[in-house]
There are 2 protein chains.
Amino acid sequence: MMFTIPLNTKSKTPLYDQIYTYIKNEIRNGTIAYQAKLPSTRSLATYLQVSRNTVDMAYSQLVSEGYIESKAKSGYYVCQIEEMLAVPKHTTIRQNPQQTLKPSYTYDFSPFTIDIHHFPYNTWRKLSKECLNNSNNDLFLLGPKQGDISLRESIQKYLHESRGVQCDKDQIIVGAGADYLLQLLAQLLSSMSESCKIAMENPTYTQAYRIFSGLGVATCCIPLDNSGIRIGSLNISGANIAYVTPSHQYPLGIIMPIKRRQALLQWANETNDRYIIEDDHDSEFRYKGKPIPALQGLDHNGKVIYMGTFSRAIAPAIRVGYLVLPPAILNLYNSRYSYYTSTVSRIDQSILATFISDGYFERHLNKMRKHYKAKHDILIQALKIFKNKISIQGEHAGLHLVVNFHLPITEEELIEKAAHSSIKLYGLKKFFISFDNRKNYEPTILLGYANLTEDEIITGIEQLYKTCIF
Amino acid sequence: MMFTIPLNTKSKTPLYDQIYTYIKNEIRNGTIAYQAKLPSTRSLATYLQVSRNTVDMAYSQLVSEGYIESKAKSGYYVCQIEEMLAVPKHTTIRQNPQQTLKPSYTYDFSPFTIDIHHFPYNTWRKLSKECLNNSNNDLFLLGPKQGDISLRESIQKYLHESRGVQCDKDQIIVGAGADYLLQLLAQLLSSMSESCKIAMENPTYTQAYRIFSGLGVATCCIPLDNSGIRIGSLNISGANIAYVTPSHQYPLGIIMPIKRRQALLQWANETNDRYIIEDDHDSEFRYKGKPIPALQGLDHNGKVIYMGTFSRAIAPAIRVGYLVLPPAILNLYNSRYSYYTSTVSRIDQSILATFISDGYFERHLNKMRKHYKAKHDILIQALKIFKNKISIQGEHAGLHLVVNFHLPITEEELIEKAAHSSIKLYGLKKFFISFDNRKNYEPTILLGYANLTEDEIITGIEQLYKTCIF
């Protein structure tokens with residue numbers, strides 16, 4: 001047997017590769033049968049007028065992939081392989097349903113966005129350049145699983161000074177965003193007790209609900225009153241974990257007063273397996289008075305799991321958040337999941353650590369607070385056009401207002417009407433885990449203002465007024 | 001009642017804050033009782049000789065936090081709060097067991113590391129600067145959950161050209177490293193069927209085993225022969241998922257021949273719920289002939305879940321990996337977990353996309369392949385000193401060799417002995433999920449060479465020889 005292989009010496013594909021591909025295809029087609037002996041490398045080289053080394057390389061690749069085998073003192077033989085389907089040129093792949101293109105609105109009052117025009121580009125660029133200039137080679141190997149020490153120290157200091165959080169850097173776990181950290185928490189808490197059940201505020205950050213329940217953790221929802229989660233309902237819910245947003249309830253903006261905080265801590269202290277998850281999602285932005293201190297700072301019994309992210313304070317795209325675990329949960333993490341490697345790039349960790357420790361973060365927050373306050377005040381002012389047709393909740397903090405419309409239409413109708421005027425509104429109903437149709441429920445809209453200009457806020461609200469009232 | 005508050009006008013703490021803190025502490029201490037009426041803002045302002053606005057701010061913060069309440073036309077009253085424990089200055093926190101400081105060795109033959117001295121600093125710095133200069137504001141908002149389109153396109157093209165992977169960008173999910181992606185896979189596969197069971201090669205990448213079993217997924221381990229995972233054992237294992245490393249078995253370096261690949265695909269084709277996870281962990285580094293094509297490219301029935309990372313090809317610290325899901329698993333992901341946001345910073349995604357699409361990645365790989373090949377060859381050469389006292393497996397690829405020592409000592413003794421000469425060795429035993437003490441087991445060491453210099457390799461092996469033989 002000899003192969004007449006059409007070799008192209010001008011091709012970019014090396015000659016050995018052309019020989020390899022030809023023979024491989026002959027074997028896969030069945031043209032050369034199982035156990036057939038291949039020509040010796042020397043004879044094939046002579047026949048094809050190529051160097052013997054070229055044929056050697058082709059054969060050795062075929063051996064590596066198992067198409068042929070070499071028998072000592074005998075030569076190369078074709079291995080037995082199943083008949084292969086011809087490889088279709090383009091495997092048909094069922095298309096993923098296209099990510100729905102959102103119709104673009106002139107005025108999008110999204111409560112989920114931030115003002116990205118004020119991302120600290122120059123600082124970030126400078127810090128990332130410095131970080132890569134330092135040529136700290138270790139930065140490119142795996143770092144500590146809980147996050148780099150310098151970053152955890154920066155976060156610890158920031159949380160202590162700005163939020164009254166009492167913790168050691170070893171209690172902090174840095175991770176790739178709130179979703180990842182919620183997944184990790186769900187794993188931790190359900191490994192702690194078989195009967196783990198998480199009570200959630202209703203309405204709440206429904207993404208947390210989806211993550212918990214998607215991982216098979218039992219959940220239940222607890223109604224709110226003016227002070228936040230109702231302790232009575234919590235008591236009879238059978239839950240051992242409470243997921244709450246005490247500094248600024250999401251999405252309603254309720255500040256949980258000290259008395260309710262104490263009652264909640266009291267609830268957690270009653271049994272060993274009870275814990276509180278404090279999601280301090282937008283505590284950085286309060287426009288009146290001092291920040292509301294974190295619940296974690298009131299806790300003396302290691303009952304509060306504190307979490308936060310830099311998504312709102314810097315940008316969602318940087319994907320960094322943190323957990324502060326109380327000792328018992330930290331021990332559980334260390335014994336059960338200590339093998340998880342960090343999910344955040346060390347370069348990013350290093351940039352962020354310097355951003356915080358060198359005071360850029362505080363200056364950035366002060367700047368953003370001023371920007372957001374201006375927009376907040378303009379929105380409140382603009383809404384005066386509605387007079388007593390609306391009432392406002394959750395003001396003076398966060399990046400959205402909650403507005404009740406005293407109008408004889410449903411929330412859906414209001415959103416639909418606004419959409420016709422190119423105004424995108426976000427209704428409160430979507431933030432309920434379970435929504436029982438109450439008699440007195442009025443259309444309620446979350447008006448986000450972070451990523452609109454002051455002009456857009458004013459004309460957007462005027463437009464909305466015309467749409468709603470006429 | 002009037003408060004004699006020692007105000008310090010030279011303090012950095014604003015006056016309103018001093019008033020707020022004083023009254024809050026009085027309430028928390030119980031000095032001012034429940035229902036006590038506070039002085040009016042006007043009278044307190046006059047008394048303290050501060051502006052009324054200052055007292056207003058202090059009261060309003062106390063109201064926000066729930067310490068006092070305002071009654072219409074009457075004034076401010078202290079709310080009922082539980083007696084609070086005094087906040088200890090330093091809450092005692094049980095220290096996290098310190099991350100054990102590894103003794104530092106002169107020669108560390110770690111198979112887990114890479115050559116970090118060749119990280120493409122200049123390119124990375126240039127690309128990150130360009131990325132931040134482009135001021136593409138959208139880059140700071142949340143991107144597509146599966147990863148940015150440009151990055152997925154770059155990965156798709158790279159995998160197609162270099163690994164023979166057949167897929168569409170919509171099948172790719174970018175995530176924060178292999179661990180995260182393995183967690184996601186474990187969730188997907190166990191939500192697919194209650195009786196999900198993952199068969200793993202033994203020895204294997206034990207981190208994957210820890211992650212799967214840590215999430216409660218059933219696993220079993222399957223012995224290997226010279227062609228890789230034994231299909232007979234797989235057939236009777238009751239597993240419906242096989243986690244394999246066909247291009248370069250981890251850690252033994254076996255290349256799964258075409259016949260075994262077909263048999264494995266055949267196994268998967270037998271029932272609907274069977275799938276193969278192909279972890280293509282270090283396919284970039286092959287020093288002889290062409291890369292071994294991925295198993296995924298042979299699969300015509302959507303049975304292979306392909307995964308890879310940039311940890312070895314670029315650096316572990318960048319924390320980016322990818323899954324390529326076959327259509328059925330992709331549909332499951334879309335219906336079950338479509339709410340998970342991306343875990344990778346969009347800035348990093350953008351840098352990486354350009355790094356690949358502009359040809360830097362290919363050049364970097366070519367450079368690294370040359371570096372690693374040189375180290376690989378030097379290690380093989382250096383090991384000749386051992387003559388027939390050792391045999392070598394898994395050469396010509398990856399970043400480590402597997403070396404059997406034909407010496408009358410145990411693996412543990414060999415490692416211990418080497419440690420005394422400041423040589424860190426990594427034994428094969430640790431890579432077994434279950435290790436049955438075989439009669440003929442010889443001490444087997446994974447010799448990693450990536451992060452040692454050529455001189456260190458030579459003197460390290462000489463040192464090892466002296467240690468072992470004398």
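Quantities reported herein were computed from a predicted structural model and do not represent experimental measurements.

Trainee: In this structure, what is going on with the overall build of chain A? I would like to understand it.
Mentor: The helix and strand inventory of chain A stands at 14 helices and 16 strands. In terms of C-alpha radius of gyration, chain A reaches 31 Å, well past the compact-globule figure of 23 Å for 470 residues. Dimensions along the principal axes, computed over C-alpha positions, put chain A at roughly 95 × 55 × 50 Å. Looking at chain A residue by residue over its 470 residues, the buried ones come to 56%. In chain A, once contacts between residues fewer than 6 apart in sequence are set aside, the share between residues at least 24 apart is 72%. Here chain A displays about 20,100 Å² of accessible surface, and carbon together with sulfur accounts for 49% of that area.

Trainee: Got a minute to help me understand empty space enclosed by the protein in this structure?
Mentor: Empty space among the atoms becomes apparent when a probe as large as a water molecule is rolled across them. Enumeration over the complete set of coordinates arrives at 10 cavities of 30 Å³ or more. If you add up the space inside the largest cavity, you get close to 90 Å³. Trp-124, Ser-128, Leu-132, Ile-347, Asp-348 and Ile-351 of chain A together with Trp-124, Ser-128, Leu-132, Ile-347, Asp-348 and Ile-351 of chain B together form the lining of the largest cavity. Contributing elements (two or more residues each) for the lining of the largest cavity: α4 (121–133) and α11 (346–357) of chain A together with α4 (121–133) and α11 (346–357) of chain B. Considered class by class, the residues forming the lining of the largest cavity number 8 nonpolar, 2 polar and 2 charged.

Trainee: I tried to follow the nonpolar core on my own but got confused; where do I start?
Mentor: Proteins that are soluble and globular tend to have nonpolar side chains buried together. Of all hydrophobic cores here, the largest spans 136 residues; its most connected members are Phe-119, Trp-124 and Phe-310 of chain A together with Phe-119, Trp-124 and Phe-310 of chain B. What Phe-310 of chain A contacts, discounting residues up to four positions off in sequence, is Ile-155, Ala-315, Ile-318, Val-320, Tyr-322, Leu-352, Ile-356 and Phe-361 of chain A. Within the second largest apolar cluster, 64 residues are counted, among which are Ile-211, Tyr-275 and Ile-329 of chain A together with Ala-186 of chain B.

Trainee: Can you help me understand helix α9 (residues 258–270) of chain A in this one?
Mentor: Note on helix geometry: an α-helix contains 3.6 residues per turn, so any two residues three or four positions apart are oriented the same way. Residues and elements named next belong to chain A. Its 13 residues place the ends of α9 18 Å apart at the C-alpha level, agreeing with the 18 Å of an ideal helix rising 1.5 Å per residue. Along α9, the residues that are buried comprise Ile-258, Arg-260, Arg-261, Gln-262, Leu-264, Leu-265, Trp-267 and Ala-268. Structurally, α9 contributes buried residues whose contacts are with β6 (218–225), β7 (228–229), α8 (231–236), β8 (241–244), β9 (275–279) and β10 (304–309).

Trainee: Can you help me understand the sheet that holds strand β15 (residues 426–427) of chain B in this one?
Mentor: Whether parallel or antiparallel, the strands of a sheet pair through hydrogen bonds between backbone atoms. Residue and element names in this part refer to chain B. The 4 strands are arranged β12-β13-β16-β15 in an open sheet whose pairing can be described as antiparallel. The open sheet has two edge strands, β12 (390–393) and β15, and neither has a second partner. Looking at chain direction, strand β13 (residues 400–405) and strand β16 (residues 444–448) are connected through 5 bridges and run antiparallel. Paired with Val-402 across the strands is Leu-446, a residue of β16. Sitting on the sheet, helix α12 (residues 360–383) is in contact with β12, β13 and β16, with an inclination near 15° to β13.

Trainee: In this structure, what is going on with the interface of chain A and chain B? I would like to understand it.
Mentor: Often the size quoted for an interface is simply the accessible area lost on bringing the parts together. Taken together, the contact pairs 99 residues of chain A with 98 residues of chain B. Between chain A and chain B, the buried area comes to about 8,500 Å², and carbon and sulfur atoms account for 55% of it. For the pair chain A and chain B, the number of links is 0 salt bridges. Where chain A meets chain B, there are 27 residue pairs in polar contact (both at pLDDT 80 or more). Contributions of two or more residues to the side of chain A that touches chain B are made by α1 (15–29), α3 (52–64), α4, α6 (177–192), α7 (206–214), α9, α10 (327–336) and α11 of chain A.

Trainee: Can you help me understand the packing of α6 of chain A against α10 of chain A in this one?
Mentor: Think of two packed helices as two axes; the pair is described by the angle between the axes and how far apart they sit. All names here are of chain A. Their axes nearest at 10 Å, the elements α6 and α10 cross at an angle of 95°. With respect to α10, the axis of α6 lies roughly perpendicular. For the pair formed by α6 and α10, the contact residues are Leu-184, Leu-188, Leu-189, Ser-191 and Met-192 on the first element and Ile-329, Leu-332, Tyr-333 and Arg-336 on the second. Classifying every residue of the contact of α6 with α10 gives 7 nonpolar, 1 polar and 1 charged.

Trainee: Looking at this structure, how should I read unusual backbone geometry?
Mentor: Leave glycine aside and you will find that most residues have negative phi; peptide bonds, for their part, are mostly trans. Omega for the bond connecting Asn-202 of chain B with Pro-203 of chain B falls within 30 degrees of zero, at 5°, which places this linkage in the cis form. Turning to its location among the elements, Pro-203 of chain B is positioned in the loop between β5 (197–202) and α7 (206–214). Geometrically, the link from Tyr-250 of chain B to Pro-251 of chain B is a cis peptide bond, its omega value of 5° lying close to zero. Position of Pro-251 of chain B among the secondary structure elements: in the loop between β8 (241–244) and α9 (258–270). Positioned with a positive phi, Ser-422 of chain A is a non-glycine residue whose angle comes to about 65°. In the Ramachandran plot, Lys-73 of chain B falls in the positive-phi region, its phi being about 60° despite a non-glycine side chain. Its location among the elements puts Lys-73 of chain B in the loop between β1 (68–71) and β2 (75–78).

About the cut-offs
Residues numbered from 1 in each chain as written. Chains lettered and ligands numbered in written order. Predicted model: local features only at pLDDT ≥ 70, side-chain atom pairs only at ≥ 80, totals over all residues. Heavy atoms only, no water. Helix = DSSP H or I, 4+ residues; strand = E, 2+ residues; numbered from the N terminus. Rg over C-alpha atoms; globule rule 2.2 N^0.38 Å. Buried < 20%, exposed > 50% of the residue type's maximum accessible area, 1.4 Å probe, protein only. Contact = heavy atoms within 4.5 Å. Areas by Shrake-Rupley, 256 points an atom, 1.4 Å probe, with all protein chains shown as cover. 1 Å grid on protein atoms, 1.4 Å probe; cavity = no way out; pocket = protein on both sides within 12 Å on 5 of 7 lines; lining within 4 Å. Points joined across faces, edges and corners; volume = space filled by probe spheres on them. Nonpolar A, V, L, I, M, F, W, Y, C, P; charged D, E, K, R; others polar. Core = buried A, V, L, I, M, F, W, Y, C linked by side-chain atoms within 4.5 Å. Expected span 1.5 Å × (residues − 1). Pairing = 2+ DSSP bridges. Axes fitted to C-alpha atoms, helices over the stretch in contact; angles between N-to-C directions. Buried area = accessible area lost by both parts, 1.4 Å probe. Salt bridge = Lys/Arg side-chain N within 4 Å of Asp/Glu carboxyl O. Polar contact = N/O pair within 3.5 Å; in protein donor to acceptor, adjacent residues only side chain to side chain. Parallel < 35°, antiparallel > 145°, perpendicular 65-115°, else oblique.

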